[in-house]
Amino acid sequence: MVRSIKTAVFPVAGLGTRFLPATKAMPKEMLTVIDRPVIQLAVDEAREAGIEHFVFVTGRGKSAIEDHFDKQFELEATLAARGKTAELEALARDLPKAGQASFTRQQEPLGLGHAVWCARQIVGDQPFALLLPDMVMHASPGCLRQMIDVYEGQGGGNVVAVEEVPWEQVSRYGVVGAKDWNGNAFTITGMVEKPKRREDAPSNLIISGRYILEPGIFAEIERQEPGAGGEIQITDAMIRLMGKRPFYGLQYRGTTYDCGDKVGFLAANVALALDRPDVGPGFRAALKKILAENGGL
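Parameters at a glance
Residues numbered from 1 in each chain as written. Predicted model: local features only at pLDDT ≥ 70, side-chain atom pairs only at ≥ 80, totals over all residues. Heavy atoms only, no water. Phe/Tyr/Trp six-rings, centres within 6.5 Å; stacked < 30°, edge-to-face > 60°. Helix = DSSP H or I, 4+ residues; strand = E, 2+ residues; numbered from the N terminus. Buried < 20%, exposed > 50% of the residue type's maximum accessible area, 1.4 Å probe, protein only. Lys NZ or Arg CZ within 6 Å of the ring centre and 35° of its normal. Polar contact = N/O pair within 3.5 Å; in protein donor to acceptor, adjacent residues only side chain to side chain. Contact = heavy atoms within 4.5 Å. Pairing = 2+ DSSP bridges. Expected span 1.5 Å × (residues − 1). Core = buried A, V, L, I, M, F, W, Y, C linked by side-chain atoms within 4.5 Å. Salt bridge = Lys/Arg side-chain N within 4 Å of Asp/Glu carboxyl O. Axes fitted to C-alpha atoms, helices over the stretch in contact; angles between N-to-C directions. Parallel < 35°, antiparallel > 145°, perpendicular 65-115°, else oblique. Nonpolar A, V, L, I, M, F, W, Y, C, P; charged D, E, K, R; others polar.

Moving on, we get to the packing of aromatic side chains. Scanning the model with the defined rule gives seven aromatic pairs in all. With 5.2 Å between their ring centres and 20 degrees between their planes, Phe10 and Phe56 make a pair best called stacked. Placement of Phe10 in strand 1 (residues 7-11) and of Phe56 in strand 4 (residues 53-58) is noted, with a sequence separation of 46 residues between them. Both residues of the pair, Phe10 and Phe56, belong to the buried class. An angle of 40 degrees between the planes, with centres 4.4 Å apart, marks the rings of Trp181 and Phe186 as tilted. Put simply, the rings of Phe10, Phe54, Phe56, Phe69 and Phe103 pair up and form one aromatic cluster. The lysine or arginine in question, Arg120, covers the ring of Trp117, its NZ or CZ lying 3.5 Å from the ring centre.

Turning to the side chain of Thr7, a few remarks are in order. Here Thr7 shows up in strand 1. Among the polar contacts made by the side chain of Thr7, one reaches the side chain of Gln126 at a distance of 3.4 Å. The contacts of Thr7, once residues within four sequence positions are left out, are Ile51, His53, Val55, Val123, Gln126, Phe128 and Ala129.

Of the two faces of strand 5 (residues 101-105), only the one carrying Ser102 and Thr104 is buried; Ala101, Phe103 and Arg105 on the other face are not. In terms of strand pairing, strand 4 meets strand 5 through five bridges, oriented parallel. The partner of Phe56 across the bridge, within strand 5, is Phe103.

Within helix 1 (residues 38-48), eight of the 11 residues are buried, leaving the element largely enclosed by the surrounding structure. For helix 1, every residue scored as buried is listed here: Val38, Ile39, Gln40, Leu41, Ala42, Val43, Glu45 and Ala46. Backbone geometry just after helix 1 places Gly50 at a positive phi near 100 degrees.

Attention shifts here to helix 10 (residues 262-275). In a regular helix each residue adds 1.5 Å, so 14 residues correspond to 20 Å; helix 10 covers 20 Å between its end C-alpha atoms and thus fits that length. Considered for burial, the residues of helix 10 that qualify are Gly264, Phe265, Ala268, Asn269, Ala271, Leu272 and Ala273. Against the buried residues of helix 10 lie strand 2 (32-33), helix 1, strand 7 (135-138), strand 13 (255-258) and helix 11 (280-293). The N-cap of helix 10, judged by a side-chain oxygen 3.0 Å from the amide nitrogen of Val263 a few residues on, is Asp261.

It is worth spelling out the nonpolar core at this point. Nonpolar side chains tend to gather and get buried jointly when the protein is soluble and globular. By size, the foremost hydrophobic cluster in this structure holds 63 residues, and its most contacted members are Phe10, Leu144, Ile217 and Met238. Not counting the four nearest positions on each side in its chain, Ile217 is found in contact with Phe128, Ile234, Ala237, Met238 and Leu241. In terms of nonpolar packing, the next biggest core, distinct from the first, is built from 12 residues, Phe19, Leu31, Val136 and Leu272 among them.

By the definition in use, this model includes 17 salt bridges. Notably, a salt bridge pairs Glu220 with Lys244, separated by 2.5 Å at the nearest N-O pair. Of this pair, Glu220 sits in helix 8 (residues 217-222) while Lys244 sits in the loop between helix 9 (234-242) and strand 12 (247-251), placing them 24 residues apart in sequence. A salt bridge links Lys289 to Glu293, with the nearest nitrogen and oxygen atoms 2.6 Å apart. Separated by four residues within a single helix, Lys289 and Glu293 lie in helix 11, roughly one turn from each other.

Right, let's get into the packing of helix 3 (residues 73-81) against helix 4 (residues 85-94). Contact geometry for helix 3 and helix 4: axes closest at 8 Å, N-to-C directions at 150 degrees. By the angle between their directions, the pair helix 3 and helix 4 is classed as roughly antiparallel. Only Glu87, Leu88 and Leu91 of helix 4 make contact with helix 3, whose side of the interface consists of Leu75, Glu76, Leu79 and Ala80. Looking at the contact of helix 3 with helix 4 residue by residue, the classes come out as five nonpolar, no polar and two charged.

Let us look at the environment of Lys179. Residue placement: Lys179 occurs in strand 9 (residues 174-182). Of the residues examined, Lys179 reaches a relative accessible area of 42% and is grouped as partly exposed. Linking Lys179 and Tyr248, residues 69 residues apart in sequence, is a C-alpha distance of 9.6 Å. Once you skip the residues sitting within four places of it in the chain, Lys179 turns out to touch Phe186, Thr187 and Thr189.

Packed helix pairs are characterised by how far apart their axes lie and by the angle those axes make with each other. Viewed as axis vectors pointing N to C, helix 10 and helix 11 meet at an angle of 130 degrees, and their least axial separation amounts to 7 Å. Between helix 10 and helix 11, the crossing angle belongs to the class labelled oblique. Each of Val270, Ala273 and Leu274 in helix 10 lies in contact with helix 11, whose residues at this interface are Gly280, Phe283, Arg284 and Leu287. A class-by-class count of the residues in the contact of helix 10 with helix 11 yields five nonpolar, one polar and one charged.

Structure below.
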């Protein structure tokens, strides 16, 4: 019987240097897309997919994330006294239940693989989802929900979300090889981390920030030597695990916005704002006015 995916890991220890000075005193994951922090969007996606345990791998200066997923009695009392029922209900919907959120520290910036390894004691011997909050996946159903459907359909294994990029960009990403397509899902035949030459890339399908991993990944990370930049790469550990366990890819239906990049972050705000019924019409009119005043596109 396939084991359900009920735990998700969120690596949130990064410094966010590309957004200085905004991130000097605020975690980059608390930057907002309209009115929701980037980390909240990732948690929303996980909750929609049936995740019940949210594991945050944090670092120094990240206490705002823990506070965000906690009750704030003064704020709630003020809202109640002012009759702000809708706002109170919205806060309650976003709040994980008692015991559903866990926090652990990555004490040194040793890479994504090391951040995942830091969650090993909390995750335990069970498959789990890994979501990189910087990558905002705009999709319905959500990217992780689509991945869990593949995982359950295959009877388990490991699943990686991918997307297609122009060939000239493949050297910037982890790239997968594909065979045995079934709709938009396939069997992964190999992985290459940031191929230096185009001919070294098995395809132009890149790993895009969402994973379902079996617990065997922890042992592979523990044996993994540091790679580029002295960091422990999750892709290297997955390549080793792939020799023992099946890996599947999903070219998910939706759009990715890299909110670790300024242009990607701005694009996410525009796209999600236009899609929101409460702000979309007014924002569309404001955007048209701004474009007209600046000579159009």
